[in-house]
Amino acid sequence: MSNENTNGHNMLVQVKNLKTHFFLTEGIVRAVDGVNFYIDRGRTLGVVGESGCGKSVTARSIMNMIRPPGRNVAGQVIYHRQKKEAQGSTVTEEIDLLTLEPMSAEMRSIRGGEFSMIFQEPRASLSPLHTIGTQIMEGLKLHMDIDDEEARQRAIEQLQRVNIPKAEERIDAYAHQLSGGMCQRAMIALALACQPALLIADEPTTSLDVTTEAQILNLMRELQDTFHTSIMYITHNMAVIAEIAQRVLVMYMGKDVELAPVDALFYDPRHPYTRALLRSIPRIDDEREMLAVMRGNVPDPYALPTGCPFHPRCESRLRVCSQPVEVPYVEVSPGHFVRCHLYAGGG
Ligand code: SF4
């Protein structure tokens, strides 16, 4: 199988019909329930949706980090891994990460080495017991054949690269001694230390002020240009998506409801949920007194509506939408997919 899709993209990761469910005493939560997308090499995929729509569980499934009572019950996460041959040529191998044991040596080498993740709250993700430097050096030594001295030098370079001033001194600081913005930079340095092929950023700027957020977004773009890293950027903020992503996945109640190039999503959104999300963004030229509010509430995850899970809130619903039938997933234009009965006959 080629790692080029129909539009000639160069895929790094391909997620096919991913289903991740949680088996709780109260019932089954279908946190991710049949999601399809791909992440191109050196590009950014934005993932948006309300809290509880399955964005973070999708990210953790890609990292093969789902633990009981959660389980990946179906689907594939195909990593198109590039390897250098002895003669200098590059070959691509395909690995379905969900077939690997989560704690196997191969999966641990991919997670933390080739795939990294940064989280919403860096202080909670960095160890309070170890200095920033020790944490970066440990990651480097685990994935590279280098000694303490070289690891420390590389860790300082990483901190400089993410614009932490006086990196030679701050390398010996603990997370509680740094500001929120500095902590997030340190987390990015830690995540990028081994120059991963994929960086998953799960709401990395939500707890920061807008100035620091803009700096972090700039930094991620610069690092992507330098290292050609692919980024999966998870957020509920459509304005951030417009800044950073080339393609966007919109999720609702564990489903991929729309996947599109960023311009198509903003200028020609097709799914009623995406349209409602975009209507709820404040605009500087907006003369309305009140922002549009999406009607209804997110459904109970233990009792999802039959048919399209968005139908109780949808202003465009058809009679078929509440019927227990599969909602069609349609390519309405090249690379623009929508899961909705409105497009059953095509774009
Ligand atoms: Fe609305 Fe029906 Fe489309 Fe769901 S399938 S988004 S209810 S029109």
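Residues numbered from 1 in each chain as written. Predicted model: local features only at pLDDT ≥ 70, side-chain atom pairs only at ≥ 80, totals over all residues. Heavy atoms only, no water.

1. Details of the site of the ligand
1) Next: All residues adjacent to the ligand are His271, Pro272, Cys308, Phe310, His311, Cys314, Ser316, Arg317, Cys321, Cys340, His341 and Leu342.
2) Next: When grouped by side-chain class, the residues that make up the shell around the ligand number seven nonpolar, four polar and one charged. (Near = heavy atom within 4 Å. Nonpolar A, V, L, I, M, F, W, Y, C, P; charged D, E, K, R; others polar.)

2. A closer look at helix H8 (residues 210-227)
1) Next: Taking 1.5 Å per residue, 18 residues should reach 26 Å; H8 reaches 26 Å between its end C-alpha atoms and fits that length.
2) Next: When we look at burial in H8, the residues that qualify are Thr212, Glu213, Ile216, Leu217, Leu219, Met220, Leu223, Gln224 and Phe227. Around the axis of H8, the buried residues are gathered within 160 degrees of arc, so they sit on the same side. Facing away from the buried surface of H8 by more than 90 degrees, the exposed residues are Val210, Thr211, Asp225 and Thr226.
3) Next: Within two residues after H8, histidine 228 carries a phi angle of roughly 60 degrees, on the positive side. (Helix = DSSP H or I, 4+ residues; strand = E, 2+ residues; numbered from the N terminus. Expected span 1.5 Å × (residues − 1). Buried < 20%, exposed > 50% of the residue type's maximum accessible area, 1.4 Å probe, protein only. Arc of directions from axis to C-beta.)

3. A short note on the packing of aromatic side chains
1) Next: Throughout the structure, instances matching the rule amount to five aromatic pairs.
2) Next: Ring plane angle 65 degrees and centroid distance 4.7 Å describe the contact between tyrosine 79 and phenylalanine 115, whose orientation is recorded as edge-to-face. Remark: phenylalanine 115 occurs in strand S6 (residues 115-118) and tyrosine 79 occurs in strand S4 (residues 70-84); sequence separation between them is 36 residues.
3) Next: For tyrosine 79, a relative accessible area of 3% puts it in the buried group.
4) Next: Among the residues examined, phenylalanine 115 registers a relative accessible area of 0% and is labelled buried.
5) Next: With a centroid separation of 5.5 Å and 15 degrees between ring planes, the pair formed by tyrosine 329 and phenylalanine 337 is classed as stacked. (Phe/Tyr/Trp six-rings, centres within 6.5 Å; stacked < 30°, edge-to-face > 60°.)

4. Remarks on the pattern of salt bridges
1) Next: Tallying each qualifying case throughout the model produces 14 salt bridges.
2) Next: Here arginine 279 makes a salt bridge to glutamate 315, at a shortest N to O gap of 3.5 Å. In this pair, arginine 279 sits in helix H11 (residues 272-279) while glutamate 315 sits in the loop between H11 and strand S11 (329-333), placing the two residues 36 residues apart along the sequence.
3) Next: With a relative accessible area of 38%, arginine 279 lands in the partly exposed category.
4) Next: Accessibility expressed as a relative area gives 59% for glutamate 315, which makes it exposed.
5) Next: One connected set of salt bridges, linked through shared partners, spans Arg81, Lys83, Glu93, Glu106 and Glu114. (Salt bridge = Lys/Arg side-chain N within 4 Å of Asp/Glu carboxyl O.)

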